[in-house]
Amino acid sequence: MDLSIIGTGHVGLVSGVCFADMGHRVVCIDNDKDKIQLLNAGKATIFEPGLPEMLAANRDRLTFSTDMADATASAEAIFVAVGTPARENGRSDLSYVTEAVSRLAPHLKAGQVVAMMSTVPVGTSRLVREIIDTNVPAGVDPKEVYVASNPEFLREGRAVYDRLHPTRIVVGVDDERAAEILKRAFDGLEAPFYVTNCPTAEITKYASNAFLATKISFINEIARLCELVGADVTEVSHYMGDDPRIGRQFLQAGLGYGGSCFPKDTKALDQIAFSQGHNFTLLKAVIDVNNMQRVRFVHKIASALGDDLKGKTIALLGISFKPDTDDVREAPSIEIISRLLDARARIRAYDPVAMPKVRGLFPTVTFCEDAYEAAAGSDVVAVITDWPEFKDLDMKRLTSVMAGRVLVDGRNIFDPKAVAASGLTYHGVGR
Ligand code: UDX
């Protein structure tokens, strides 16, 4: 079938390319001319494993355009996947959504469904409905144009896999005919297909992300307690996770969650609750714990160096908010670097892919070619991102190039005994 996607960011581009791979003809729209030009030249504009190959393999089913009229030319469903950044107060900025739908509406035809794929506050589908009702072309009955909510659950770095192997597909609709169209769009994917109303679909996305964030903050609090009583949180989470009611995933203590979703969505959900007169105490604590995790880490580095960071050289391994992505949005590294620089420390940093994203932000940081170069002459090596390549570092070689003898492992990737055996003092998170 024919589909279109508005917005070629992470979610939009991956979804468009995957829909094409599933056999659909897909039009991807973006108002950024440069992006569209690159995509038309067959170049993926985001870092996502597997995407360039899939883009190349499905070029004949993909069209990239800046013209909104192309979105509605033949598509049965139009997915809106534009950004919803957080405003200062934590609320979602819906201006990209309202602008995109306002530009789309005058081109809509009877029988088309407009599905919100962006993570949007409860009630946004009603707002979208209003924009469509007042802007559809003369002669089109607004009731014949459907509005739906279709939250996605893609992880960065695994987005292509997640798109093609979803754990569930949730669609909120205002008309059964929209559900029928969307069911065909996802036909072939082996996942439960749930049809509900729009507010339920919208809340499901926030609740899922907030719950995962809660697991992370919970284990980070347990980690703090482990440090105080001499326990090892990596073992605790392992033993807890064997209980299927708890599960192993998202119980890794570390520097807390970053990225484009959890920080934004937890704050937005808190604001949604507040706007309904509900004080979401638990969620506030989750956010606070996450913020504190970065501060505690800087204290940990400082206390390992006699509480004085001035003039000390810190080697930071990892900048992206997690492995397999160059994304640095809300990455713990950003705040950690800022705090270390404020304390007048010198920083040598290395990340396999994310360095170009932060070079401009931190002109005084020395960016290095690999972990050993970063460690050269450093007083302490600090692991910020759990990139797999760091786990295989030669500890003896690392120790030999360092000036000091301290390793602070913000992601608990190393075996403390092996690190100690190479002559370094090990500090993990919660162990
Ligand atoms: C997340 C959700 O997983 C996805 O379903 C949603 O659509 C978007 O947000 P993503 O932001 O790509 O995906 O990253 P994810 O792999 O979930 O990790 C989020 C953050 O939590 C990372 O900073 C990661 O380092 C951290 N994390 C994750 C932990 O600190 N501990 C864990 O046990 C798991």
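Preceding block: the structure.
What counts, and where the lines are drawn
- Residues numbered from 1 in each chain as written.
- Predicted model: local features only at pLDDT ≥ 70, side-chain atom pairs only at ≥ 80, totals over all residues.
- Heavy atoms only, no water.
- Helix = DSSP H or I, 4+ residues; strand = E, 2+ residues; numbered from the N terminus.
- Buried < 20%, exposed > 50% of the residue type's maximum accessible area, 1.4 Å probe, protein only.
- Pairing = 2+ DSSP bridges.
- Axes fitted to C-alpha atoms, helices over the stretch in contact; angles between N-to-C directions.
- Parallel < 35°, antiparallel > 145°, perpendicular 65-115°, else oblique.
- Left-handed = near helix turned anticlockwise from the far one by under 90°.
- Contact = heavy atoms within 4.5 Å.
- Nonpolar A, V, L, I, M, F, W, Y, C, P; charged D, E, K, R; others polar.
- Near = heavy atom within 4 Å.
- Polar contact = N/O pair within 3.5 Å; in protein donor to acceptor, adjacent residues only side chain to side chain.
- Areas by Shrake-Rupley, 256 points an atom, 1.4 Å probe, with all protein chains shown as cover.
- Core = buried A, V, L, I, M, F, W, Y, C linked by side-chain atoms within 4.5 Å.
- Right-handed = clockwise from strand over helix to strand, strands pointing away.

A. Focus on unusual backbone geometry. Phi is positive for Phe-250, which is not a glycine, with a value near 60°. If you trace the backbone, Phe-250 turns up in the loop between α10 (233-241) and α11 (262-275). Classification of Phe-250 by relative accessible area gives partly exposed; the value is 29%.

B. Main features of the sheet that holds strand β2 (residues 25-29). If you trace the 8 strands from one edge of the open sheet to the other, you get β3-β2-β1-β4-β5-β6-β7-β8, paired in mixed fashion. Each edge of the sheet is formed by a strand with only one pairing partner; in this case those strands are β3 (62-65) and β8 (193-196). Direction aside, neighbouring strands of the sheet carry axes that sit 25° apart on average. Bridge count between strand β1 (residues 2-6) and strand β4 (residues 77-80): 4 bridges; the pairing is parallel. When the bridges of β4 are listed, Ser-4 appears paired with Ile-78.

C. Region of the structure containing the packing of helix α9 (residues 198-229) against helix α12 (residues 281-304). Following both chains from N to C, one finds α9 and α12 inclined at 45°, their axes separated by 9 Å at the closest point. As judged from the angle between their axes, α9 and α12 are oblique. Crossing angle aside, the handedness with which α9 passes α12 is left-handed. On the side of α9, the interface is formed by Ala-210, Ala-213, Thr-214, Ser-217, Asn-220, Glu-221, Arg-224 and Glu-227, while α12 contributes Leu-283, Val-286, Val-289, Asn-290, Gln-293, Arg-296 and Lys-300. A breakdown of the residues in the contact of α9 with α12 according to their chemical character gives 5 nonpolar, 5 polar and 5 charged.

D. Region of interest: the site of the ligand. Close to the ligand lie 19 residues, the nearest being Phe-153, Leu-154, Glu-156, Gln-252 and Lys-322. A distance of 2.9 Å separates an oxygen atom of the ligand from a polar backbone atom of Phe-153. A distance of 3.4 Å is found between an oxygen atom of the ligand and a side-chain nitrogen or oxygen belonging to Lys-205. Relative to its free-state accessible area of 670 Å², the ligand is covered by the protein chains to the extent of 91%. Among the elements that take part in the shell around the ligand, α9 stands out by supplying 3 residues, more than any other. Looking at the shell around the ligand residue by residue, the class counts come to 9 nonpolar, 4 polar and 6 charged.

E. Just the environment of Leu-269, in detail. One can find Leu-269 in helix α11. Using a relative accessible area of 8% as the deciding quantity, one classes Leu-269 as buried. Separated by 135 residues in sequence, Leu-269 and Gly-404 place their C-alpha atoms 44 Å apart. Excluding anything up to four places from it in sequence, Leu-269 contacts Ile-203, Tyr-206, Ala-210, Phe-280 and Leu-283.

F. View of the nonpolar core. If you look at the biggest cluster of nonpolar residues, it comprises 52 residues, and the most contacted ones within it are Ile-301, Leu-309, Ile-314, Leu-316, Leu-340, Leu-407 and Phe-414. Those residues in contact with Ile-314 that sit more than four places away from it in its chain are Ile-301, Leu-305, Leu-309, Leu-340, Ala-345, Arg-346, Ile-347, Arg-348, Val-380 and Ala-382. With 42 residues, the next largest nonpolar core counts Ala-20, Ala-115, Ala-159 and Ala-178 among its residues.

G. Region of the structure containing the sheet that holds strand β10 (residues 346-350). Strand order across the open sheet formed by 6 strands is β11-β10-β9-β12-β13-β14, with parallel pairing between neighbours. On the outer flanks of this sheet lie β11 (366-367) and β14 (425-427), each paired with one strand and no other. Alignment of strand β9 (residues 313-317) against β10, held across 5 bridges, turns out to be parallel. Within the sheet, the bridge partner assigned to Leu-316 lies in β10 and is Ala-349.

H. Expanded view of the pairing of strand β6 (residues 146-149). Burial along β6 is two-sided: Tyr-146 and Ala-148 and Val-147 and Ser-149, pointing in opposite directions, are all buried. Note that strand β5 (residues 113-116) and β6 share 4 bridges and pair parallel. Pairing of Val-114 across the sheet is with Val-147, part of β6. Crossover handedness for the path β5 to helix α6 (residues 124-135) to β6: right-handed.

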